[in-house]
Amino acid sequence: MIYTLLQHQWKSFWRSRATGRNVAMQIFIGFIVLYLTAVAILLGFSLDKILSGSFPGKDIVRIFFGFILYYYAFDIIIRFILQDLPTLAVQPYLTQNIKRNKLVQFLNIRSLFSIFSLLPLFLFLPFIIRVIGAKYGVMVSLSLVICIFSLTFFNHFLVLFIKRKTILNQWWLIGFFMAILLLAAADYFQIFSLRNWSADLFSTVIKIPALCFIFIAFAIAALYNNSKFLRNNFYLENLEKSSGEKRSAEFSWLQRFGVYGDLMGLDLKLILRNKRPRSLMLLSVIFLFYGYFFFKPENIQGNNLAILLVGSIFITGMFMVSYGKFLFAWQSNHFDGLMASNMNVKTYIKSKLILLTSFSTVAFFVSLLYVLISWKLFPILLAAWLFNIGIHSILTVFIGTLNYKAIDLSKGSSFNYEGMGVAQWIYSFMILVVGAAIYLPFALLFNSWAGIAAIGILGLISFLMQDWWLDKLTLQFANHKYKMLQGFREK
Amino acid sequence: MITINNLVKSYNGKVAVDIPHLEIDKGIIGLVGNNGAGKTTLFRLLLDLVKADRGEVVSNENAVSKNEDWKSYTAAYIDEGFLIPYLTPEEYFYFVGKLNNRSKADVDEMLSDLTIFFDGSILKSGKYIRDLSKGNQFKVGIAACLLQNPEMMILDEPFANLDPSSQIRLIHMIKELNEKKHVNILVSSHDLNNITDVCTRILLMEKGVIIKDIQTSSATLNELEDYFRA
């Protein structure tokens, strides 16, 4: 029975409108998955060399053990944000003659089909089998393999449980993040060291392989707990929708923008009240920390301005990219209504421009904290911000009018390629090309700072011309309106 | 009010709408026809949501595809695509009100007239529009049309999802709007009893063509029933 249900899921994946209509997209997803898998396997097989290379003279097994719990701690956070709850999958079966226990089992098994279940196996198993197996024998490595499997299962079902709980009760969400923050802080301030802890734990497993049964017990406990929770809350309204009462909200601070404020309020509510845009924006917040990646001392002292600029554009434009790549498509399921309502196209477009500009401005102010690293970053961040509000925003609206693919707001975000099309790829590409086209000539003719100045000044000029752009974009929108309307209606 | 000239729209070579000339003016005008007759496509053409292959729709002397003035006096509800699913009904009403320059107090006052129609399940329901039933979503859509204080109102199959009490109330409301506020209403339906009861003029559509244009009389219901039985 469960096999039949899983078969239905397989069909639903391949026959879903989002995947089915676009062969190129299927091939692309296939490549991405293959690539990620290959990278993970490669990493797994070369882990011993990487470790002995980066930590010469140390016991690489102990260092490896130190990483394991770290990985699973991050795993919990990433899973929490990205992992979907496959609950609606049971809807058609609720009234059929299938026992509730079977459906719970089906949900549990169905949820395991996720990249997160595979990654740790690829990463850890090669090392355990090749290095530890050779050194400590079969029993020890077998025991460790069992530990890895158990930990993966434990995390998986723990996150499912916590996520379902947070849907029912917002306090779980706050509690979850507080716990994560506390743990991270305790580790950061060296109140305790997760790495030492992890290393000690698995070193003990080497000595006493039978300890793996404790790991199994934890995994089973997580599975049991999740199943019990599912059995007791097996009603659609409990599974999918939060039972809390929905209240009207008003963003009174938006009122000063008049009707633009109302339209922006609409966009903000769209983001806050729907799964996919909400998790995308949450991810963008995390990307704000990407600065540490780009703004390394060697880049700042070595005047690698191009890299600093790319980083700055990325940070100040992240929100814009996340929301802007589906600018109009987010509203696809009520686009008919918007277009027939008493609002002219120009007003609508202008509200989008103001929204994108505000996103970038907020990110810019947050990013100013990076100036603490070096004053050099200030002019670069400023130029990047001007580029984003002056040029990037216009491009975003322009490319938005070329996007005719509908988006279902209720679906989750991870590995959700619905609504992705050529327009999105052009979009990411265009920003880079346009940025490089402005920066490079000046950087090569004069010096890198001239390139930065060109980016900033052209951005500012373009921003001051916004009204002129607005007329052009309105015309562009009017020309593509019917295609968008038709595309958005085909769900 | 609305004039249609040589309007043609086809999908993949199949004609969806083909109307050489039609005047839609005063009164309550009904549109009937089997599924696929082109009723909804015609409505979308009137609202400039679909691009015509040929011809034009003229509303108060301006082509709807060239000039946006019609939006200020035309209100429509065709399907859930006209509602914003992640808003509460109140938020949606205030939003529509704002687009039509109505203050919150105005909107509240207009909504209080609809208390009976809402039957206690729309306002303060603690739900987003996406969580309402189909029928209640329809009520929200119709109420949003009324809020706009339109001169022209377009409703696609408004009776289909409503319970009997609400159907009767809606018929009463439509008649009253036309009599007291002189709102012109274009409405489609599969319910021949309702449509002959409420409309002063009925258009019968078949394969994109208006094949009958009837001033409603006591014989109309039989005439329509004969057509659909055949």
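The paragraphs below set out a description of the structure included in this document. What you see is a predicted model; the values in this text were computed from it and never measured.

Reading the values: rules and limits
The residue count restarts for each chain, going from 1 along the sequence in the order it is written. A letter from A marks each chain and a number from 1 marks each ligand, given out in the order of writing. Given that this is a predicted model, residues contribute local features only at a pLDDT of at least 70 and side-chain atom pairs are listed and counted only at 80 or more, while totals for whole chains, interfaces and linings are drawn from all residues. Secondary structure is summarised from DSSP: a helix means a run of H or I of at least four residues, a strand means a run of E of at least two, and numbering begins at the N terminus for each. The globule rule is 2.2 Å times the number of residues to the power 0.38, and the radius of gyration it is compared with is taken over C-alpha atoms. Using C-beta atoms placed from the backbone, we call a residue buried if 20 or more other C-beta atoms fall within 10 Å of its own, exposed if 12 or fewer do, and partly exposed for counts in between. Two residues form a contact once the distance between their C-beta atoms, set from the backbone, is within 7 Å. Only strands joined by at least two bridges in the DSSP assignment are considered to pair. To get an axis, a line is fitted to the C-alpha atoms, and for a helix only the part in contact is used. The angle between two axes follows their N-to-C directions and goes from 0 to 180 degrees. Only Asp, Glu, Lys and Arg are considered charged in this grouping, and only Ala, Val, Leu, Ile, Met, Phe, Trp, Tyr, Cys and Pro are considered nonpolar; every other residue, Gly among them, is considered polar. For the purposes of this analysis, a nonpolar core is taken to be any set of buried Ala, Val, Leu, Ile, Met, Phe, Trp, Tyr and Cys residues that are connected through C-beta atoms within 7 Å. Just so you know how the angles are binned, under 35 degrees is roughly parallel, over 145 roughly antiparallel, 65 to 115 roughly perpendicular, and the rest oblique. By convention the crossing between two helices is left-handed if the near helix lies anticlockwise of the far one by an angle smaller than a right angle, and right-handed if it lies clockwise.

1. Brief notes about the overall build of chain B
And step 1. Broken down by element type, chain B carries 8 helices and 10 strands.
And step 2. Whereas a compact globule of 230 residues would reach a radius of gyration of roughly 17 Å, chain B reaches 18 Å, a difference of no more than 12%.
And step 3. Dimensions of chain B, computed from the C-alpha atoms along their principal axes, are close to 45 × 40 × 35 Å.
And step 4. The burial tally for chain B puts 47% of its 230 residues in the buried class.
And step 5. At a minimum sequence separation of 6, the contacts of chain B that also span at least 24 residues come to 68%.

2. Section: the environment of Trp375(A)
Residue and element names in this part refer to chain A.
And step 1. If you trace the backbone, Trp 375 turns up in the loop between α18 (345–367) and α19 (377–400).
And step 2. When the 9 C-beta atoms within 10 Å are taken as the criterion, Trp 375 is described as exposed.
And step 3. Once the C-alpha coordinates of Trp 375 and Ile 300 are considered, the two residues, 75 residues apart in sequence, prove to be 9.9 Å apart.

3. A look at the pairing of strand β3 (residues 28–32) of chain B
Residue and element names in this part refer to chain B.
And step 1. Across the 5 residues that make up β3, a large majority, 5, are buried.
And step 2. Every second residue of β3 is oriented toward a common face, with Ile 28, Gly 30 and Val 32 on one face and Ile 29 and Leu 31 on the other, all of them buried.
And step 3. As paired strands, β3 and strand β8 (residues 184–188) are joined by 4 bridges and run parallel to one another. Looking at β8, one finds that Ile 28 is bridged to Ile 185.
And step 4. Pairing between β3 and strand β9 (residues 201–206): 4 bridges, direction parallel. Across the sheet, the residue bridging to Val 32 is Leu 204, located in β9.

4. As for the sheet that holds strand β10 (residues 209–215) of chain B
Residue and element names in this part refer to chain B.
And step 1. Read across the open sheet, the 6 strands follow the order β6-β7-β8-β3-β9-β10; overall the sheet is mixed. The outermost strands of the open sheet, each flanked by one partner alone, are β6 (74–77) and β10. Strand-to-strand twist in this sheet, taken as the mean axis angle between neighbours without regard to direction, amounts to 15°.

5. Some thoughts on unusual backbone geometry
Residues and elements named next belong to chain B.
And step 1. Phi angles above zero are rare outside glycine, and Asn 101 is one such case at about 60°.
And step 2. Inspection of the secondary structure assignment puts Asn 101 in the loop between α2 (89–99) and α3 (104–112).
And step 3. Asn 101 sits in the exposed class, given 10 other C-beta atoms within 10 Å.
And step 4. Notably, Lys 207 is not glycine yet its phi reads approximately 50°, a positive angle.
And step 5. Turning to its location among the elements, Lys 207 is positioned in the loop between β9 and β10.

6. What about the interface of chain B and chain A?
And step 1. Listed per partner, the contact involves 29 residues of chain B and 24 residues of chain A.
And step 2. At 6 residues, α2(B) tops the list of elements feeding residues into the side of chain B that touches chain A.
And step 3. Among the residues forming the side of chain B that touches chain A, the class breakdown is 15 nonpolar, 6 polar and 8 charged.

7. Overview of the pairing of β10(B)
Residues and elements named next belong to chain B.
And step 1. Relative to β10, β9 runs antiparallel, the two being bridged by 6 bridges. Within the sheet, the bridge partner assigned to Met 205 lies in β10 and is Ile 210.
And step 2. In sequence, β9 turns back onto β10 through a hairpin of 2 residues, with Lys 207 there showing a positive phi of about 50°.

8. As for the nonpolar core
Among soluble globular proteins, nonpolar side chains are generally buried collectively.
And step 1. Judged by nonpolar contacts, the single largest core of 133 residues is most densely connected at Leu309(A), Ile380(A), Ala76(B), Tyr92(B), Phe93(B) and Ile154(B).
And step 2. It is α19(A) that provides the largest number of residues to this core, a total of 13 residues.

9. As for the packing of α2(B) against α3(B)
Each pair of packed helices can be summarised by the angle the axes make with each other and by the distance between the axes.
Residue and element names in this part refer to chain B.
And step 1. The geometry of α2 relative to α3 is characterised by a closest axis approach of 9 Å and an angle of 120° between their N-to-C directions. Accordingly, the angle class assigned to the pair α2 and α3 is oblique. Read as a crossing pair, α2 and α3 show a hand that is right-handed. On α3, the residues touching Phe 93, Tyr 94 and Gly 97 of α2 are Lys 104, Asp 106, Val 107 and Leu 111.
And step 2. Looking at the contact of α2 with α3 residue by residue, the classes come out as 4 nonpolar, 1 polar and 2 charged.

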